[in-house]
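# Summary of structural features
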Amino acid sequence: MQKGNNTFDLALALLDAMPMCLNCWNKQFENIYCNDEAVRLFDLSSKSEYLQRFKELSPERQPNGRLSAEMVKECVERAFAEGQFRFEWMHQKLDGEPVPAEITLVRTIYNGVHVVAGYTRDLRELKATLEKMREADERTQIMLDATPLCANFWDKDYNNIDCNQEAVKLFGLKSKQEYLERFGELSPLRQPCGRLSSEMALEKITVAFEQGVCRFEWMHQKLDGEPIPSEIILVRVKHRGEFIVAGYTRDLRELKAMLGEMHKVESDLRLARDAAEESTKAKSEFLANMSHEIRTPMNGILGLLHLLNNTELQAVQQSYLQKTLFSATNLLRIINDILDFSKIEAGKLEIEKVPFSMQAICDELQDVFVAKIREKGLAFRINAHGIPKGKILGDPLRLKQVLFNLVGNSLKFTEKGEIAVNIESRIQDDGRIGYLFAVRDTGIGMTPEQLERLFSAFTQADASTTRKYGGTGLGLAISRNLVSIMNGEIWAESDPGQGAAFFFTAVFDSCGADDVDNTCDGSFVAQSLEEEFRALPGSPLSAQKRKGHILLVEDNDINQLIAEELLKAVGYTVDIANNGQEALNMVMNGKYDMVLMDIQMPVMDGLSATRAIRDTGLFDDLPIIAMSAHAMSGDREKSLESGMNDHITKPIEPEVVYATLDAWLEPQGAVPERCGP
């Protein structure tokens, strides 16, 4: 090209400044011009080098396999013929470095003839960017396909535009394309709520576009109609400058099945619990009825024996009576063991919390066992160390039950020597009093094997057919449970032929007196049978005269006779009511110092009668004492809640009855000070 004028020079300068490679072809397919950018693009030294070595700036063949020389001639021909032609081309530098490019050939006129101007756009940066985008898309697709959630994508026109491989797998389809094409078939016509699936889907996607996220449950289905309960989360995201909605579907079939199984198990457990509660209730009612039905005739037997004991008897009759009374007492103890064990099994064994004296426990322990111990010619000692003088709060009946059981066992297995009871106490940091009880004997002792199973139910030291010692095998098992309830523990030490030692601990609350009483120290050996018999409860030793007018409320004729005779024997005046209604009428029309109230009676029971008496507001100071065969856990509390002052259980023990009456009638009918309910 030749320079013609200033305008032409300006045009050449502009072409050299152009940031795009430019060259020109004539009709002979000769490369006749290039600009400076062409030199820079291929790292050449001059335009002449570009024009001379142009053929070296393309590989022999293009990526499609065709010869570059052949293709370039064809492209230039098309530009001459059509006026413009655009295509991609693979250039290369002289060192072989590839330069992907986009070339646009444009036909134009120069000096009156047609030439073709070729504009080359370097695509290396664009290709690199596109490759990165492709790799990123590929990684994204890999991650989406690896996601264990079905994923699909909605554009702003609500078109389902893509999905991952899990979507294909979830619905048992062949390909992603099938998922996209048949998506409308992957939901039932209506959702479980009754609404059209198509209507609800548009609504949920709209919410996601507007609010950014939408979560809901959805019923999908496979092409064969199998339901797929799902949880769907729609999330608005930005993709290449525009918002789309990504939908993630979680298959809930396994979860629904598990929840269904859990609900079934829960329902089964509820039914089992209800059945167990019903069974426990029935068992409790049975135990209560059994306890009442057994104690009522036992009250008659023991009561009549006590009355008979207060009559004139010959020596042989006294001996028979003593043995009958001892046998009846043993029978009651066996019955109590069975009932107590049943209460333990039913979870109904509880203890009371009433004030009592440890000295009284020691005295009663000695009174109960004096006759039999003397009969066997044994020595008996009760030693106390550091016992507070004041009363303590606990369950004296259950404490005596454990002590009596241990002493009774020692008495059973000891033929000579002694039985010793030791009691020690210590005030704990929390102000309660801890006791250590020890019962030692010089009896037959036990083997290690016997010791190991000693506190198990139905276990006995002598289980042979030639049994000598008898018993239910429940006493120590019951004692273990009672001690546990009293916040203690029980254990034993023994060697064969060397006697046995039983130890247990218990913790009680204090009523406030901290002075130490050691007056439980004492011992005796066998004395005459007449002295022993006179010491029995109910003998002339208990016949000190008392004063008071008592209303006895009792529906059983034998129990009426026993209680009336026991009360009259010590000086009380007694009236009898056959049921609660009679008792209410007699209290309203008479003047009584005390009411002894049975619980289970026809017409009106004792609890209702007591409430009716208290509701009048006229007899707040009248002591009403329950005297009932109701001896289950909570029966005492029910009596106190109804307005009674105390509760005596049948079979009644004369000394217990007298002591209770003395507590509530001395002096002159005044209610004694008590530190418990």
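Residues numbered from 1 in each chain as written. Predicted model: local features only at pLDDT ≥ 70, side-chain atom pairs only at ≥ 80, totals over all residues. Heavy atoms only, no water.

## Looking at the packing of helix α11 (residues 358-375) against helix α12 (residues 396-413)
For the pair α11 and α12, interaxial distance at closest approach is 11 Å and the crossing angle is 30°. Judged by the twist between their axes, the crossing of α11 over α12 is right-handed. Residues Met 358, Ile 361, Glu 364, Leu 365, Val 368, Phe 369, Lys 372 and Ile 373 of α11 lie in contact with α12, whose contacting residues are Pro 396, Leu 399, Lys 400, Leu 403, Phe 404, Val 407, Gly 408 and Leu 411. For the contact of α11 with α12, the residue count by class is 12 nonpolar, 1 polar and 3 charged. (Axes fitted to C-alpha atoms, helices over the stretch in contact; angles between N-to-C directions. Helix = DSSP H or I, 4+ residues; strand = E, 2+ residues; numbered from the N terminus. Left-handed = near helix turned anticlockwise from the far one by under 90°. Contact = heavy atoms within 4.5 Å. Nonpolar A, V, L, I, M, F, W, Y, C, P; charged D, E, K, R; others polar.)

## Examining the packing of aromatic side chains
Across all of its chains, the model carries 17 aromatic pairs by this definition. Taking the centre distance of 6.1 Å and the plane angle of 40° together, the rings of Phe 42 and Tyr 50 count as tilted. Each ring, one from Tyr 179 and one from Phe 183, has its centre 5.4 Å from the other, and the planes form 65°; the classification is edge-to-face. Positioned over the ring face of Phe 243 is Arg 236, at 5.2 Å from the centre of the ring. A cation over a ring is seen here: Lys 238 above Phe 243, with NZ or CZ 5.5 Å from the ring centre. (Phe/Tyr/Trp six-rings, centres within 6.5 Å; stacked < 30°, edge-to-face > 60°. Lys NZ or Arg CZ within 6 Å of the ring centre and 35° of its normal.)

## Focus: helix α8 (residues 197-211)
Under the 1.5 Å per step criterion, the end-to-end length of α8 is 21 Å for 15 residues, consistent within 8% with the ideal 21 Å. Among the residues making up α8, those that are buried are Ser 197, Met 200, Lys 204, Ile 205, Ala 208 and Phe 209. Residues of α8 that are buried in the fold lie against β6 (150-154), β8 (213-221), β9 (227-239) and β10 (242-251). Phi turns positive, to about 100°, at Gly 212, one or two residues after α8. (Expected span 1.5 Å × (residues − 1). Buried < 20%, exposed > 50% of the residue type's maximum accessible area, 1.4 Å probe, protein only.)

## Thoughts on the sheet that holds strand β1 (residues 21-25)
Strand order in the open sheet made by the 5 strands is β2-β1-β5-β4-β3, with antiparallel pairing throughout. Every interior strand has two partners, whereas the edge strands, β2 (31-34) and β3 (84-92), have only one. Taken over all neighbouring pairs, the strand axes of this sheet differ in orientation by 30° on average, direction set aside. Looking at chain direction, β3 and strand β4 (residues 98-110) are connected through 9 bridges and run antiparallel. When the sheet's bridge partners are listed, Trp 89 is paired in β4 with Ala 101. Together, β1, β3, β4 and β5 (113-122) form the strand contacts of helix α4 (residues 68-82), whose direction differs from that of β3 by roughly 160°. (Pairing = 2+ DSSP bridges.)

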